[in-house]
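Residues per chain are reported as follows:
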Amino acid sequence: MTLGKTKTKEEVIEALHSVAAEMHDKMLKGKPPAMTLPVRTKKNIQFDKKLQVYKYGKNKSTRDATALGSARVLLRSLHITEFIEDMIESGKSSTLREMYYISEGWGNGKFGTQNESNNLAEDLEIVTKCIREDFKLRPEEDGARIIGNVTFEEKNRKGEWMRINCRDDVGDSGYGVPYNVESEKLRLVEHDIDFVMAVETGGMFDRLVENGFDEEARCAIIHLKGQPARSTRRIMKRMSDEWKKPILVFADCDPWSFRIFASIAYGAIKTAHISEYLATNEAIYLGITADDILAYDLPSDDLTKSDLGALESELSDPRFATGWWKEQINLMQEIGKKAEQQSLAKYGLDFVTDTYLPEKLAALGLKY
Amino acid sequence: MNKAEEISSKQKQIAVSEFFEKNKHFLGFDSLQRSIITAVKESVDNSLDACEEARILPNIHVELNKQKGDKIEFVTQDNGPGIPRNAIEDVFGKFLLGSRFHAIRQTRGQQGIGITGVVMYSQLTTGSKTHVISKVKQESSAVIVELGLDTRKNKAIKTGERREVWIDKNTGKEIEQGLRIRTIMKGKYQKGKQSVHQYLRMTSIVNPHASISLIVRDKDGNIIDQGNWPRTTERLPRVVSEIRPHPHGIHLGTLQRMLRESGERKMTSFLRHNFSGVSMRAAREILGKAKIDEGREPKRIKADDAQEMLNAFQKVKLLSPPMDCLSPIDDLLIKKGLSKAIDSRFASTVTRNPSVSQGNPFQIEVGLVFGGDLGADGPIEVLRFANRVPLMYQQGGCLLTKALESVDWKRYGLEHPGGRGVPKGPAALLIHLASTNVQFTSEAKEAVAENEEVHEEIRKALLEVGRGLKNHLKKSSQRKKAKEKFELVNIILPEIAKKSSEILARPEPDLAPVITQIMNAVFCEEVLDWDKERKIATCSIKIYNYTARARAYTILAKWPENEDTAMVDNDRGGRKETKGIWAWRLDTLNPGTCTTIKFGVSGLTKGDWVDTDIFFRGNGEIIGATRIDESLLDEIRKSEALIIAEKEIIKESNNLEPLIDRAEESVQKDISTTILESKEGQLSLSEWEVE
């Protein structure tokens, strides 16, 4: 199972072996073992016009065993290879965190921090062109929650397909999105909605649910839980592709929320190798915008030093290079303010669903 | 008492207290915080000087107990020679007393206000008398006495004098000798850079032969601060001798008075017997240049001629004044002193050869410690000393600081923003100026005054420790790199080979060429250790050739060579390159092989030798060693030869001197006068300083 075309377990193992083979071949030639991969920094992401998302550029880096640090990484990737092979053979899977703890037994190949193991798993995805689902590695973070009149079929532990309507078959917390949302695990069956509303904070998600916004506005509401997990981004992408429904992002007005939107719409730096499967280019930033702070006279906070720094660095981020974003960021810098979604409660609990969202949606031509 | 007498005595009374009041700032009693430091300083300086003179290893204990209000009970006790009963009054009761005013040699206290100031200050601020217990070894009991000051007569008033056997409260044993002072004064105890604690800590660094302890208690008797600095050496500072003045430092008035008071018949003998550094040859040359007849009688020399002579002094090459009037701490002891007070990774110390400025011998010592517990941000700690006395105030205005600031520390691995001010980093720097005549900027004696020669000497010493630091930093980064490389090729690489072969089910590759490719260098690793049983410092140097070619090197190592040490267990032989540097020529080192040089050094104690430098001669770099700088080596050889030559000249001139004297005397046929002359020929510092 993969994004795009399915890889068999032999193909996955072969891809992993090619990493080990690159090292072994180098040593046979009397050279230090090495691993070649793209540079994974902001400087090396480019906008792919065909795919309409950001992807890694052409800059490659070679990690070879001439320094202790990179030699350790090479050794670790061999240990991971062996570990994944074992899991594939025995039909098991593990979380990234479990792998981090398992590495305790890898002697000199053990990880210093979990960040190291997460990064290396991503490196291997990139080098082998597999995804971590192929490696039987699961993320720690749980996926989003969804409420609305959409129906999925999910394969349960017994291997049976279960039909779930995200309005009628779930409680107030909604449908929990599993870590694997590919077609062999999850099917998008039917829906009766006009758009998908992705909400940054739990408080606002609950407010919209309590106010019955999903039925009133004919939408599915997704709680992003901060920076959205891969599966959250993937399911939004599928809803956009398969149901052709607009994805609207409703977040705080601060530089960190802008990044959440950017990762949904254009892809994240860390996952730029699979951007085309994760990024929903059609996603629209609904609010809260810097304009809204002024237009609705929202209670706001002063931008901190680190906020200002983040805004500044966003201006140099290709994902924010477009005119509209530049304007918003410049305006924010000018007024020096930020505001939370829930600041709308200034005008009462229903203001968001009765006034703010209808007005914002109307501006997009979505009336209800 | 008649009216006139009454008035005059009143005036006098006002004068003494007023003198103290008016001069509080330079006597060190201007603030409550400083007063307590000054009191401790005066008594500790006295104890150290007394112990040094009596050749006793000092144990000094200071106790400060806060009382009601801003009063503090002040107690100090030493194991010094004590003060004889009949001298107590003078020592504690008279200003400006002290034998040190009459000799040219290096001593701690030069103020003369001394402990009398403490007695005075206590009396003025709290009315407290000063309680003294003094025990002289030869006497069977200690003298106990309470002292006050009669400000009218500038004299101590003794009360309650009695004799008792002095028992140590802790051990229950009789105290054989020592001095204990207790009084109550106004004061404020504070911690920090300018505190009693810091003063004692600094004192212990430059007096490694002293054991010093401090206890500070609050009103309720709880200990709020304490310090304990045990001695790190049993070696007392050497006895300093007194010297005659050097012509380069003399003023006209002094010269005239010396001429006037001279008993010599001839100018040549006058010059040779009243000054240091003047040989017969030099005396003749001076007189020739000043156009003064050698046979003239000193008493008859007029002002004009004296001025001519003064000018001639500067034109003639003279021997340096003898240096045994100085008492440097010695670089090894500075290292020990610093490392006991400051936990650090690296210590580098330099004791420069004595030098002369305006006829005054002086000597610079510098110590630098780096790393360890020292704070990395903020300026480095500067520890200034003049004649073993800590200077704690006016850091910015002091020559020692200015010299420090004139060095470009960035080149030596310290942060030095803008190349100005005190550098930053985890370091502490000690600067010690030993001199027969330390010139201060003011009477407060807290900052050393500008002096080009002293400045230059300090700079040179600083550059030397700076180079040491740079080497150390380079070496530790090289060592870290080398360690990583060793781990890489010896541990990680074989595991990569094994694991990848397992995964691919292939045979393991031969790693030798891979290792050569990764390392592509020759490595040198030295380990210094201490053989506890044999009391020998050992050094083991390992050289690995991880290149594809055979290599041939000469390896050179620095070792602490001096009169007390010897190289032992040096099975490889080799030869002495120069003082402190030994060389071994290695056989050809084939690719992938390793060889070891081992030797030991006797005559050291544990911890004396913890750091060395390894050099090499040959093609290709060695990581962990430095290519020997042949010109530097030459310089070392030359300066060594110079020292030997100098010593021989001094020996010769000493042998020659009596001969010349006798020749002269026989001509004059006035032997008895000459003997008399040389006895009176020594001039006292007090007179010399007046001008």
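Refer to the preceding data block for the structure.
In this text, all values refer to a predicted model and were calculated from it rather than measured experimentally.

> What is the right way to read the overall build of chain B from this model?
Along its length, chain B carries 17 helices and 24 strands. Every one of the 691 residues in chain B was classed for burial, and the buried ones make up 50%. For chain B, contacts bridging at least 24 residues in sequence account for 71% of all contacts bridging at least 6. Of the roughly 33400 Å² of accessible surface on chain B, a fraction of 49% belongs to carbon and sulfur atoms.

> In this structure, what is going on with a negative patch on the surface? I would like to understand it.
Residues and elements named next belong to chain A. A contiguous patch of negative charge, built from Glu 10, Glu 11, Glu 14, Asp 86 and Glu 89, is present on the exposed surface. Along the chain, Glu 11 falls in helix 1 (residues 9-28). The class for Glu 11 is partly exposed, based on a relative accessible area of 32%.

> Before we go on, may I ask you to explain unusual backbone geometry in this structure?
Most peptide bonds take the trans configuration, and most residues that are not glycine carry a negative phi. Along the chain, A:Gly287 connects to A:Ile288 via a cis peptide bond; the corresponding omega equals 5°. Looking at the secondary structure, you find A:Ile288 in the loop between strand 15 (284-287) and helix 10 (290-295). Not every positive phi belongs to a glycine, and A:Lys136 is a case in point at roughly 65°. Secondary-structure assignment places A:Lys136 in the loop between helix 4 (114-128) and strand 6 (137-138). Phi is positive for B:Ala505, close to 55°, though the residue is something other than glycine. Within the secondary structure layout, B:Ala505 lies in the loop between helix 13 (452-504) and helix 14 (512-519). A relative accessible area of 70% places B:Ala505 in the exposed class.

> So what exactly am I meant to see when it comes to the interface of chain A and chain B here?
Interfaces are often sized by the accessible area lost when the parts come together. Each side of the interface is counted separately: chain A has 26 residues, and chain B has 25 residues. Here chain A packs against chain B, burying approximately 2100 Å² in sum over the two surfaces, 70% of which is carbon and sulfur. Among the residues chain A hides against chain B, the three largest losses belong to A:His24, A:Met27 and A:Leu68. Together they make up 29% of the total. Applying the counting criterion to the chain A and chain B interface returns three salt bridges. Inspection of the region where chain A meets chain B yields eight residue pairs in polar contact (both at pLDDT 80 or more). The residue inventory of the side of chain A that touches chain B, partitioned by class, reads 14 nonpolar, seven polar and five charged.

Criteria and cut-off values
Residues numbered from 1 in each chain as written. Chains lettered and ligands numbered in written order. Predicted model: local features only at pLDDT ≥ 70, side-chain atom pairs only at ≥ 80, totals over all residues. Heavy atoms only, no water. Helix = DSSP H or I, 4+ residues; strand = E, 2+ residues; numbered from the N terminus. Buried < 20%, exposed > 50% of the residue type's maximum accessible area, 1.4 Å probe, protein only. Contact = heavy atoms within 4.5 Å. Areas by Shrake-Rupley, 256 points an atom, 1.4 Å probe, with all protein chains shown as cover. Patch = residues over 30% accessible without salt bridge, like charges linked within 9 Å, V, L, I, M, F, W, Y side chains within 5 Å. Salt bridge = Lys/Arg side-chain N within 4 Å of Asp/Glu carboxyl O. Lys, Arg positive; Asp, Glu negative; His and termini not counted. Charge placed at Lys NZ, Arg CZ, Asp CG, Glu CD. Buried area = accessible area lost by both parts, 1.4 Å probe. Polar contact = N/O pair within 3.5 Å; in protein donor to acceptor, adjacent residues only side chain to side chain. Nonpolar A, V, L, I, M, F, W, Y, C, P; charged D, E, K, R; others polar.

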